[in-house]
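The primary structure of each chain is shown beneath.
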Amino acid sequence: MAETNFVDYVKIFCRSGKGGRGSAHLRREKYIPKGGPDGGDGGDGGNIILRGNRNYWTLLHLRYQRHIFAGHGESGSKAQRSGKKGESKIIEVPCGTVAYDAHTGEYLCDITDDGQEVTLLKGGRGGLGNVHFKSSTNQTPRYAQPGEPYEERWIILELKLLADVGLVGFPNAGKSTLLSVVSAAKPKIANYPFTTLQPNLGIVEYRDGKSFVMADIPGIIEGASEGRGLGLRFLRHIERNSLLLFVIPADADDIKKEYNILLNELTQYNPELLDKTHLLAISKADMLDEELMQEMTFGLPDIPYLFISSITGYGIPALKDMLWRELNSDDYVPISASRDALVHRNLDISRFEFDPEEEFSDDDSGSGEDMEEDDNYYEEDF
């Protein structure tokens, strides 16, 4: 898929359906005098529902479908016939999608599992027909309930990639090359900074048919948490990786210093990233010999590490073993299994730029038929 097809946030307008009004029919047939009230109930309006779909990996399909309207409920009719319910609209989104109010940035919901459904906007309830209001003292009520109104709001959907392992490092650290070696992913690789302009996902095959998902995050530079480079936009994808693999090249001036800079940027963005499992892969190890590797170990950060070379394959099998061991340790909890433990923050909407909002009238959405009129029935408007 083309690089420009990766869309990780969109702004859409959603409107649920309004409830149909109840009917105020009075039964009047030639041979049935004083038939009494028999107005049916109005149908409920349709809902706006978000559903997780593992076959989606981007929000591209919503970039060109920005206005989503559910159907209105139909009005009640004669012979206590209820109106048809409005059609609900289901919005398919990738797992890891978070919904926010576009005006306030308020957190609304989070879709983390395939098939998970959340009602984003609830349709209005249909009104009761006059048959519900008859009594011994009011035998011919000529009134019924109107349907409840719809709900509408502008929504920002933000995608945070779900992956078992997230690759973190400076530009040109060898993250994309590593992903291309251990998986079938084909990220862009070139000898200049910021080659990767959007995250890439790859399925890493392990022994006996086992596998796990690895995400290549665009390079982070010092000050990324303040908006420098590309880091601010893509740091959110790291929030959904329970295991972070820091990739630092062997020719770095000070590996421990670079690790601390990266760690500081993650901490400034979200302090909870410190609680994740951290591993270190020292890339481009084909430039080193065994003696030099031994000397470098004294200046490394105090986390599990390995020397690897994506070009020669040195250390790649051992890296897979280390990652699989950590992913199956007692301390590891997949994101999909820890939905309730996720901490959600409101969105800073000032960092997004969208087109001006359109205005919509009642006629722009939904469907619904006017109440049926018949010479033998009496209806009142509301």
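Everything quoted here is computed from the prediction, not taken from an experiment.

Comments concerning the overall build of the protein
Assigned secondary structure in the protein consists of six helices and 14 strands. Here the analysis covers contacts within the protein between residues at least 6 apart in sequence; of these, 75% occur between residues at least 24 apart. As displayed, the protein has an accessible area near 19,300 Å², and 45% of this comes from carbon and sulfur atoms.

Here we look at the pattern of salt bridges
The final tally for this structure, using the stated rule, is eight salt bridges. Notably, a salt bridge pairs Glu29 with Arg27, separated by 3.3 Å at the nearest N-O pair. For Glu29, a relative accessible area of 34% puts it in the partly exposed group. Residue classification places Arg27 among the partly exposed residues on the basis of a relative accessible area of 33%. Between Asp101 and Arg153 there is a salt bridge, with its nearest N and O atoms 2.9 Å apart. Taken as a pair, Asp101 in strand E5 (residues 97–101) and Arg153 in strand E8 (residues 152–159) lie far apart in primary sequence, 52 residues in all. The class of Asp101 is buried, set by a relative accessible area of 8%. Overall, the relative accessible area of 25% leaves Arg153 in the partly exposed class. One salt-bridge network, in which partners are shared between bridges, spans Arg51, Glu92 and Glu117.

Considering the packing of aromatic side chains
Summed over all chains, the structure comprises eight aromatic pairs. Aromatic side chains Tyr100 and Tyr107 sit 6.4 Å apart centroid to centroid with 70° between the ring planes, which places their arrangement in the edge-to-face category. Given the relative accessible area of 3%, Tyr100 is considered buried. Overall, Tyr107 belongs to the partly exposed group, its relative accessible area being 25%. Ring geometry for Phe212 against Trp324: centres 6.2 Å apart, planes inclined by 35°, an arrangement best described as tilted. Placement of the pair is Phe212 in strand E11 (residues 211–216) and Trp324 in helix H6 (residues 316–327), with a sequence separation of 112 residues. On the basis of relative accessibility, which here comes to 3%, the residue Phe212 falls in the buried class. Given a relative accessible area of 19%, Trp324 falls into the buried group. Among the aromatic residues, those joined into a cluster by ring pairs are Phe13, Phe69 and Trp154. For Lys11, the ring lying beneath its charged end belongs to Trp154, and the centroid distance is 5.3 Å.

Considering the nonpolar core
Grouped together as the largest cluster of nonpolar side chains are 29 residues, with contacts concentrated most on Ile238, Phe246, Ile255, Leu266 and Phe307. Of all elements in the fold, only strand E9 (163–168), strand E12 (241–249), helix H4 (255–269), strand E13 (277–283) and helix H5 (290–296) reach the threshold of two or more residues within this core. Here the element with the most residues in this core is H4; it accounts for seven residues. Contact partners of Phe307, with chain neighbours within four places excluded, come to Ile282, Ala285, Leu288, Met293, Met296, Thr297, Leu300, Tyr314 and Gly315. Counting 23 residues, the second largest nonpolar core, distinct from the first, contains Leu59, Ile68, Leu120 and Leu159.

Focus: the sheet that holds strand E1 (residues 9–15)
The strand order E3-E1-E8-E5-E6 describes an open sheet built from five strands, whose pairing is mixed. Lying at the two open borders of the sheet, with one neighbouring strand each, are strand E3 (67–69) and strand E6 (107–111). If you compare each strand with its neighbour and ignore which way they point, the axes differ by 25° on average. In the sheet, E1 pairs with E8 via seven bridges, with the strands oriented antiparallel. Bridge pairing in E8 places Cys14 opposite Arg153.

Side note on the side chain of Thr58
Structurally, the position occupied by Thr58 is in the loop between strand E2 (48–52) and helix H1 (60–63). For Thr58, the side chain forms a polar contact with the main-chain nitrogen of Leu60, separated by 3.3 Å.

Side note on the side chain of His72
Structurally, His72 is set in the loop between E3 and strand E4 (89–93). Among the polar contacts made by the side chain of His72, one reaches the main-chain amide nitrogen of Lys18 at a distance of 2.9 Å.

Focus: unusual backbone geometry
Located in the positive-phi region is Gln80, a residue other than glycine, with phi close to 55°. Looking at the element boundaries, Gln80 is found in the loop between E3 and E4. Of note in this structure, Lys284 is not a glycine but carries a positive phi near 60°. Structurally, Lys284 is set in the loop between E13 and H5. According to the relative accessible area criterion, Lys284 is partly exposed, its value standing at 30%.

Definitions and limits used
- Chains are numbered independently. Their residues run from 1 in the order of the written sequence.
- Whole-chain, interface and lining totals are the exception, using all residues; otherwise, since this is a predicted model, local features are given only for residues with pLDDT of at least 70 and side-chain atom pairs are given and counted only at 80 or more.
- In computing side-chain values, all of the structure's heavy atoms are included and hydrogens and water are not.
- Secondary structure follows DSSP: runs of H or I at least 4 residues long count as helices, runs of E at least 2 residues long count as strands, and numbering of each begins at the N terminus.
- What makes two residues a contact is simply this: any of their non-hydrogen atoms within 4.5 Å.
- Exposure was quantified through the Shrake-Rupley algorithm and a 1.4 Å probe, taking into account, for residues, occlusion by the shown protein chains and nothing else.
- A side-chain nitrogen of Lys or Arg and a carboxyl oxygen of Asp or Glu constitute a salt bridge if their distance falls within 4 Å.
- Using a 1.4 Å probe on the protein chains alone, a residue whose accessible area is under 20% of its type maximum counts as buried, one over 50% counts as exposed, and one in between counts as partly exposed.
- Centre distance within 6.5 Å is the pairing criterion for rings of Phe, Tyr and Trp, where only the six-membered ring of Trp is used; planes under 30 degrees apart are then read as stacked, over 60 as edge-to-face, and the remainder as tilted.
- Working rule: Lys NZ or Arg CZ, within 6 Å of ring centre, within 35 degrees of ring normal, means a charge sits over the ring.
- The term nonpolar core refers to a set of buried residues drawn from Ala, Val, Leu, Ile, Met, Phe, Trp, Tyr and Cys, joined through side-chain atoms within 4.5 Å.
- DSSP calls a pair of strands paired once it identifies at least 2 bridges connecting them.
- Axis definition: a line fit to C-alpha positions, over the contact stretch in the case of helices; interaxial angles, taken between N-to-C directions, run 0 to 180 degrees.
- Here a polar contact is taken to be a pair of N or O atoms separated by no more than 3.5 Å, where protein atoms must pair a possible hydrogen donor with a possible acceptor and residues adjacent in sequence count only if both atoms sit in side chains.

Read these as geometric descriptors, not functional statements.
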